[in-house]
Amino acid sequence: MSDLTLPRTSGYERLTQIRATRPEEIAEAAARRQRRGLPGEGERLLIIAADHTARGALGVRDRPLAMASRADLLDRLQVALSRPGVDGILASPDVMEDLLLLGALEGKLAFGSMNRGGLLGSVFEVDDRFTGFDAASIDEMRLDGGKMLVRIDPADPATVATLESCARAVTDLARRRLPAMVEPFWARRSESGALRNDLSPEAVIRAISVAQALGTTSAYTWLKIPAVAEMERVMAATTLPALLLGGDPPDIDAAYADWDRALSLPGVRGLVVGRALLYPPDDDVAKAVDNAAALVRETRA
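Residues numbered from 1 in each chain as written. Predicted model: local features only at pLDDT ≥ 70, side-chain atom pairs only at ≥ 80, totals over all residues. Heavy atoms only, no water.

Before going further, it helps to examine the overall build of the chain. Of the regular secondary structure elements, the chain holds 11 helices and 9 strands. For a compact globule of 301 residues, the expected C-alpha radius of gyration is about 19 Å, and the chain comes in at 18 Å, within 12% of that figure. With respect to the principal axes defined by its C-alpha atoms, the chain has extents near 50 × 45 × 40 Å. In the chain, buried positions account for 53% of the 301 residues. Taking all contacts inside the chain whose residues are at least 6 apart in sequence as the whole, residues at least 24 apart take part in 71%. Accessible surface for the chain amounts to roughly 13,000 Å². Of this, 51% is attributable to carbon and sulfur atoms. Within the chain, the 43 negative side-chain charges are centred at a point lying 2 Å from the centre of the 37 positive side-chain charges. (Helix = DSSP H or I, 4+ residues; strand = E, 2+ residues; numbered from the N terminus. Rg over C-alpha atoms; globule rule 2.2 N^0.38 Å. Buried < 20%, exposed > 50% of the residue type's maximum accessible area, 1.4 Å probe, protein only. Contact = heavy atoms within 4.5 Å. Areas by Shrake-Rupley, 256 points an atom, 1.4 Å probe, with all protein chains shown as cover. Lys, Arg positive; Asp, Glu negative; His and termini not counted. Charge placed at Lys NZ, Arg CZ, Asp CG, Glu CD.)

Shown next, in the form of structure tokens:
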């Protein structure tokens, strides 16, 4: 990877030094961060997702440890956040704090990832404990909202604990007038035991129907959903604003086409994409982000 594409990875030793000797600087950086508002009428968002590593998900396509280097990940995130049209970040506490110390979140939206306990490939993956941000810390750090993942497997009794925890988080965020970004999937175990999300329109509609009813109010709830077939029918299942997730698509051009079609729907308010933009096949992060931003900008006029 050339220096023309990404900045040099040197200089991150300062982050370790601050964490070891002056950890209070993290809270200070959060307190002075320049914030921006949520989108107005007709505006769309492009949010970069960076909470995968907290769940042990380090792979991208055929590279199982693509996200293992924190310095490389921070390089890519800084490039992405510097591009025109990028509105903010979705991150776990460790990544969010690094970006705050680097000054990379000025004028950006910042959403804290809340439940990362359902480690990828684990027997307890559906029991997705809240091991990251909570509503109080999101509010204290002046972040702009929280995100939670909820996999719904009718055959796994652990599902109900995750549903209850997500409902509590939605309520806690709403009491503070903070958006809750809920990412629901109807899921099931394969014969090998791996948890697989069902991406059929019917399954996505079912997952949305459950997710939008979580908590004592849905006034501040947003959905984070995949772009699947028959998105018109999918979006007809909700009046909540929805953001499209990126995932790890095998064909990035097909993913752009899917996002483009879905962004034309009134309830779709933008993209929340991580690996697909941070680790594109040609490793040109700036170009991948700019292409996604162009799709979002087309719907902002």
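It is worth spelling out the packing of aromatic side chains at this point. Considering all chains together, one arrives at 1 aromatic pair under this definition. A ring pair is formed by Tyr256 and Trp259, whose centres lie 5.3 Å apart and whose planes are at 85°; its orientation type is edge-to-face. One end of the pair is Tyr256 and the other is Trp259, both in helix α9 (residues 252-263) and 3 residues apart, which spans about a single turn. This pair shows no difference in class: Tyr256 is buried, exactly as Trp259 is. A cation over a ring is seen here: Arg206 above Trp186, with NZ or CZ 5.4 Å from the ring centre. (Phe/Tyr/Trp six-rings, centres within 6.5 Å; stacked < 30°, edge-to-face > 60°. Lys NZ or Arg CZ within 6 Å of the ring centre and 35° of its normal.)

Before going further, it helps to examine the confidence of the model for the chain. Chain-level statistics for the chain give a pLDDT mean of 94 and a share of 96% at 70 or above. Counted against residues more than four places away or in other chains, residues 1-9, with its pLDDT under 50, gives 20 contacts. (pLDDT = per-residue confidence, 0-100.)

Moving on, we come to the packing of helix α1 (residues 13-21) against helix α4 (residues 93-101). Here α1 crosses α4 at 105°, and the two axes come no closer than 11 Å. When the interaxial angle is binned, α1 and α4 end up roughly perpendicular. Side by side, α1 and α4 meet where Arg14, Leu15, Ile18 and Arg19 of the first sit next to Asp94, Glu97, Asp98 and Leu101 of the second. Across the contact of α1 with α4, the residue classes break down as 3 nonpolar, no polar and 5 charged. (Axes fitted to C-alpha atoms, helices over the stretch in contact; angles between N-to-C directions. Parallel < 35°, antiparallel > 145°, perpendicular 65-115°, else oblique. Nonpolar A, V, L, I, M, F, W, Y, C, P; charged D, E, K, R; others polar.)

This part is about the pattern of salt bridges. All told, the structure shown has 27 salt bridges when counted by the stated rule. In this structure, Asp87 engages Arg36 in a salt bridge whose closest nitrogen and oxygen atoms are separated by 2.7 Å. Of the two residues, Asp87 is situated in the loop between α3 (70-82) and β2 (88-91) and Arg36 in the loop between α2 (24-32) and β1 (45-50); the sequence distance between them amounts to 51 residues. Look at Asp87 and you get buried, because its relative accessible area is 6%. A salt bridge links Lys287 to Asp282; the nearest nitrogen and oxygen atoms lie 2.7 Å apart. (Salt bridge = Lys/Arg side-chain N within 4 Å of Asp/Glu carboxyl O.)

Across the 10 residues of strand β5 (residues 180-189), 8 count as buried, placing the element largely inside the fold. Relative to β5, strand β4 (residues 145-152) runs parallel, the two sharing 7 bridges. By the bridge assignment for β5, Ile152 is matched with Trp186. Summarising the sheet, β5 and strand β7 (residues 221-225) pair through 3 bridges and their orientation is parallel. Paired with Ala180 across the two strands is Thr221, which belongs to β7. Where β5 lies against strand β6 (residues 195-197), 3 bridges are found, and the strand directions are antiparallel. Residue Arg188 lies in a different strand from β6, and its bridge partner there is Arg196. Linking two consecutive strands that pair antiparallel, namely β5 and β6, is a turn of 5 residues; a positive phi of about 100° is found at Gly193 within it. (Pairing = 2+ DSSP bridges.)

Okay, the environment of Arg177 next. Within the element layout of this structure, Arg177 appears in the loop between α6 (159-175) and β5. Classification of Arg177 by relative accessible area gives exposed; the value is 65%. Each C-alpha atom, one on Arg177 and one on Leu109, is 15 Å from the other, the two residues being 68 residues apart in sequence.

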